[in-house]
Amino acid sequence: MQDHKQRFLFPDSDIRGELVQVESSVSRILEGHSYPLPVQGLIGEAVAAVALLASTLKFKGRLALQAQGKGPVSLLLAECSHDGELRALARHSDGQDWSHGDIQTLIGEGTMVITITPDQGRQYQGIVPLSGDTLAECLQGYFQQSEQLPTSLWLASGNNRAAGLLLQRLPNQLATTDGNNQMWEHLDALASTLQMEELLNLDDQTILHRLFHDTPPQLPDAQPLQFGCTCSRDRNRNALISLGNQELQQLLDEDGEVTLTCDFCRHQEHFDAVDLAEMIREGN
Ligand SMILES: [Zn+2]
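Keep in mind the model is a prediction, meaning the values are calculated, not measured. (Residues numbered from 1 in each chain as written. Predicted model: local features only at pLDDT ≥ 70, side-chain atom pairs only at ≥ 80, totals over all residues. Heavy atoms only, no water.)

This paragraph deals with the sheet that holds strand E7 (residues 124-129). Ordered in space as E7-E6-E3-E4-E5-E11, the six strands form an open sheet in which the pairing is mixed. The sheet is open, and its two edges are formed by E7 and strand E11 (226-227), each paired on a single side. Across two bridges, the pairing between strand E5 (residues 85-92) and E11 is parallel. Among the inter-strand pairings, leucine 86 is bridged to a residue of E11, identified as phenylalanine 227. In the packing of helix H4 (residues 135-145) onto the sheet, the strands contacted are strand E3 (61-69), strand E4 (73-81), strand E6 (110-118) and E7, and the crossing angle to E7 comes to about 120°. (Pairing = 2+ DSSP bridges. Helix = DSSP H or I, 4+ residues; strand = E, 2+ residues; numbered from the N terminus. Contact = heavy atoms within 4.5 Å. Axes fitted to C-alpha atoms, helices over the stretch in contact; angles between N-to-C directions.)

Right, dumping it as structure tokens:
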């Protein structure tokens, strides 16, 4: 099964849903890193979360989830673009007891920031405290605080796979407030019966049939999701230039070259003495 997101719509109501299943992109994100198992789980959930959240974007751009705290996982970062490109990373300390997988133990006291960056226009940022035990609970807090449309979501992750389910109440268009409210409570209660193993291991059709067989949703075509990194030689070069000439000169004198490794995709970009000298010339 290919990584994808599947929208679903309930006829005669203003409630939509989204299912996300990611496997090869999660494997690619974890590849080359030695993340402890609970950290891998957290990254998988974050990847499913940004894929779900990006599906609500109405413009071209990127959505990022960043959680930072005082626990052993100091940073969790996941990004998704409007066309379904995913990347993620985590920073963690070594020598920890990794037997507990909840957010409070792993990331601890801290904040979660959702950043939406349109290709054109102003950036939006929403910040919430990490107050839940799971990433899904923290995101629920984000939706409540940022005055978004009523939204529920569920995340599951494990064995290099991740999946997510989102339900969202849209503004009244096809139904009345009463009708939508009733339908929302009904569908939300049904979705809450889904076991996380089911979300992670069953295909879309089976999940949707199991939950909503009395009100079968309509399914537009699924959209592909895949790993994608935005790093480039130009960006690495700009990062080096931003160090300033003094530091570049020091690099040139001491090492004569520099190799930068992308934290997301592990791609290595090499700059030799000629490259460094050119950057210093440009800086003057
Ligand atoms: Zn990269």
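A few words now on the pairing of strand E1 (residues 4-9). Moving residue by residue along a regular strand, the side chains alternate between the two faces of the sheet. As paired elements, E1 and strand E2 (residues 15-22) share six bridges and run antiparallel to each other. Paired with histidine 4 across the two strands is glutamine 21, which belongs to E2. In textbook terms, the turn of a hairpin is the stretch between consecutive antiparallel strands, and for E1 and E2 this stretch comprises five residues, one of which, aspartate 12, has a positive phi near 60°. Two elements, E1 and strand E10 (residues 223-224), share two bridges in a ladder whose sense is antiparallel. Residue pairing across strands places histidine 4 opposite proline 224, the latter belonging to E10.

To continue, consider the layout of surface pockets. The computed volume of the largest pocket comes to approximately 600 Å³. Lining the largest pocket are 28 residues; nearest its centre among them are Arg7, Ala54, Ser55, Thr56 and Leu57. Listing elements by their share of the lining of the largest pocket, those giving two or more residues are E1, E2, helix H2 (37-54), E6, H4 and E10. Each residue belonging to the lining of the largest pocket can be placed in one class, and the counts come to 14 nonpolar, seven polar and seven charged. The calculated volume of the second largest pocket comes to roughly 250 Å³. Along the walls of the second largest pocket sit 19 residues, with Leu37, Pro38, Gly41, Leu42 and Ser157 positioned nearest its centre. Elements with a contribution of two residues or more to the lining of the second largest pocket: H2, helix H3 (103-106) and strand E8 (151-158). At six residues, H2 tops the list of elements feeding residues into the lining of the second largest pocket. Along the lines of polarity and charge, the residues of the lining of the second largest pocket split into seven nonpolar, eight polar and four charged. (1 Å grid on protein atoms, 1.4 Å probe; cavity = no way out; pocket = protein on both sides within 12 Å on 5 of 7 lines; lining within 4 Å. Points joined across faces, edges and corners; volume = space filled by probe spheres on them. Nonpolar A, V, L, I, M, F, W, Y, C, P; charged D, E, K, R; others polar.)

Averaged over every residue, the pLDDT of the protein is 94; residues scoring 70 or more account for 100%. At the level of individual helices and strands, the protein shows its lowest average pLDDT in H4, which scores 90, and its highest in E11, which scores 98. (pLDDT = per-residue confidence, 0-100.)

We now examine the coordination of the zinc ion. At this site the zinc ion is bound by Cys229 (SG), Cys231 (SG), Cys262 (SG) and Cys265 (SG), with donor distances of 2.2 to 2.3 Å. Taken together, the four donor atoms coordinating the zinc ion span angles of 102 to 118° at the metal, a pattern that classifies the geometry as tetrahedral. Of note, the zinc ion draws all its donor residues from one chain, in the sequence arrangement C-x1-C-x30-C-x2-C. Residue class for cysteine 229 comes out partly exposed when judged on its relative accessible area of 21%. (Donors = N, O, S within 2.8 Å, 3.2 Å for Na, K, Ca; no water. Tetrahedral: all angles 85-135°; square planar, octahedral: opposite > 155°, others 65-115°. Buried < 20%, exposed > 50% of the residue type's maximum accessible area, 1.4 Å probe, protein only.)

The next point concerns a negative patch on the surface. Taken together, the side chains of Asp253, Glu254, Asp255, Glu257 and Asp272 define an acidic patch exposed on the protein surface. On the secondary structure map, glutamate 257 appears in the loop between helix H9 (245-254) and strand E12 (258-261). (Patch = residues over 30% accessible without salt bridge, like charges linked within 9 Å, V, L, I, M, F, W, Y side chains within 5 Å. Areas by Shrake-Rupley, 256 points an atom, 1.4 Å probe, with all protein chains shown as cover. Salt bridge = Lys/Arg side-chain N within 4 Å of Asp/Glu carboxyl O. Lys, Arg positive; Asp, Glu negative; His and termini not counted. Charge placed at Lys NZ, Arg CZ, Asp CG, Glu CD.)

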